[in-house]
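# Coordinates in review
Given next are the chains, with one letter for each unit.
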Amino acid sequence: MNPAPPEYFAVDRLAVEIHPTKADLGRVAAAAAAEYLRLCLASRNAARVIFACAPSQDDFLAALSADGMGPVDWRRVTAFHMDEYVGLRGDHPQSFQRYLRDHFLSRVDVGKFHPLAAGDADSAETCARYAKLIMELPIDLVCMGVGENGHIAFNDPPVADFEDPVSVKRVKLDALCIQQQVNDGCFASVADVPSHALTLTVPVFRASRRLSIHVSGPRKAAAVQAMLEGPISTSCPASILRLHPNAILYLDPAAAGRLSR
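Here we summarise the structure given alongside this text. A quick note: this is a predicted structure, and the numbers were derived from the prediction, not measured.

An order of β5-β9-β8 is seen for the three strands of this open sheet, with the pairing classed as antiparallel. Each of the sheet's edge strands pairs with one partner strand only, and the pair in question is β5 (83–85) and β8 (168–172). Neighbour-to-neighbour, the strand axes of this sheet turn through a mean angle of 20°, independent of strand direction. One ladder, built from three bridges, connects β5 with strand β9 (residues 196–200); its direction is antiparallel. Looking at β9, one finds that Y85 is bridged to A197. In the packing of helix α4 (residues 123–135) onto the sheet, the strands contacted are β8 and β9, and the crossing angle to β8 comes to about 135°.

Moving on, we come to the pattern of salt bridges. Under the defined criterion, the tally for this structure stands at 14 salt bridges. A salt bridge links R75 to D73, with the shortest nitrogen-to-oxygen separation between them at 3.0 Å. Residue R75 is classed as exposed on the basis of its relative accessible area of 60%. Overall, the relative accessible area of 24% leaves D73 in the partly exposed class. In this structure, R76 engages D73 in a salt bridge whose closest nitrogen and oxygen atoms are separated by 3.1 Å.

Attention now moves to the packing of aromatic side chains. The tally for this structure, following the rule as stated, stands at seven aromatic pairs. Between Y85 and F154 the ring centres are 5.7 Å apart and the planes differ by 45°, which places this aromatic pair in the tilted class. Remark: F154 occurs in the loop between β7 (141–144) and β8 and Y85 occurs in strand β5; sequence separation between them is 69 residues. When its relative accessible area of 0% is taken as the criterion, Y85 is described as buried. Of the residues examined, F154 reaches a relative accessible area of 2% and is grouped as buried. Seen in terms of ring centroids, Y85 and F187 are 5.4 Å apart; in terms of plane orientation they differ by 85°. Their pairing is edge-to-face. Linking Y85 in strand β5 with F187 in the loop between α5 (175–183) and β9, this pair joins segments that are 102 residues apart in sequence. Here the aromatic cluster, defined as three or more aromatic residues joined through ring pairs, consists of Y85, F96, F154 and F187.

Parameters at a glance
- Residues numbered from 1 in each chain as written.
- Predicted model: local features only at pLDDT ≥ 70, side-chain atom pairs only at ≥ 80, totals over all residues.
- Heavy atoms only, no water.
- Pairing = 2+ DSSP bridges.
- Helix = DSSP H or I, 4+ residues; strand = E, 2+ residues; numbered from the N terminus.
- Axes fitted to C-alpha atoms, helices over the stretch in contact; angles between N-to-C directions.
- Contact = heavy atoms within 4.5 Å.
- Salt bridge = Lys/Arg side-chain N within 4 Å of Asp/Glu carboxyl O.
- Buried < 20%, exposed > 50% of the residue type's maximum accessible area, 1.4 Å probe, protein only.
- Phe/Tyr/Trp six-rings, centres within 6.5 Å; stacked < 30°, edge-to-face > 60°.

The values are spatial; any link to function lies outside them.
Okay, structure coming up:
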C-alpha cells in the first residue's frame, strides 16, 4: 500500500505540513532549511541559526548535514542552541551542546558555535552573556521542536511568558517535561533528570526571521492538538507560533493523529 500523500494547510499564520513518515518529515524540512540558508547567505553573506537538541531532531539534522542536501557554506553560519541543563558540563553525555556536536557540528564546519555553558556556577551571568550574543543581530532560522507539554525550548507552561523581558533565563522543569526526558531515552529515571535548565525565552522565537518546527510520534499528538486547535495561551506555549509570519510546522501522521481536520 502506498503511503498517503503529504497534506498542506494553515492555522492562523502558521503553515502546516503532514508527511508520510518521520524520515520524510526530516528530509523535506532539511531541504527547505538548506534552501533558505542559501538565500540568507546570498543576500546577507552570513546567517545565524538556533538549533534544538533532542532525539526528535535526529532525522532533520542527519538530512541537513548530508552530502546530498546541496551546498551550504556553513563557514558563514553562526550556530546556537536553545537550552541546557543546569550543572551539566559541555562534554556530559546528556548535555545538549554535546548532542549538537555529535549529531550535527561534527558533520559540518560552521563558522562559529556559541555553547550555552549551563555548567557554570553563576547562572545569571551565563544568561546575560548568552542573551547578548543572541541579541547582537537578528536570528535567521530556528530549527526546533515542541514538547509533550507544549513547551518550546524549556518554556514549560508554568514558566512561559509570551512577553518575557529577558532573552535567556533559568527555569525549573515541570513534571511532564522531566518525564519526557525519560520517555526520550535521555535519562534512566526521573530522579536522574536535572531539575533546572537555562533556556531561550519565547520572544526570541517570535522575533526570529524563520521557524522550522519538527514534531513526530504519538506522544506529541496531544500537544499538537492543543497547539493548533486550542487557544493561544501559555497553557500550550507552542500555540504562540501560530502568529509567526514565517513558520512551518512539519508533522508525521502520528503527531497529527488527534487533529480534527
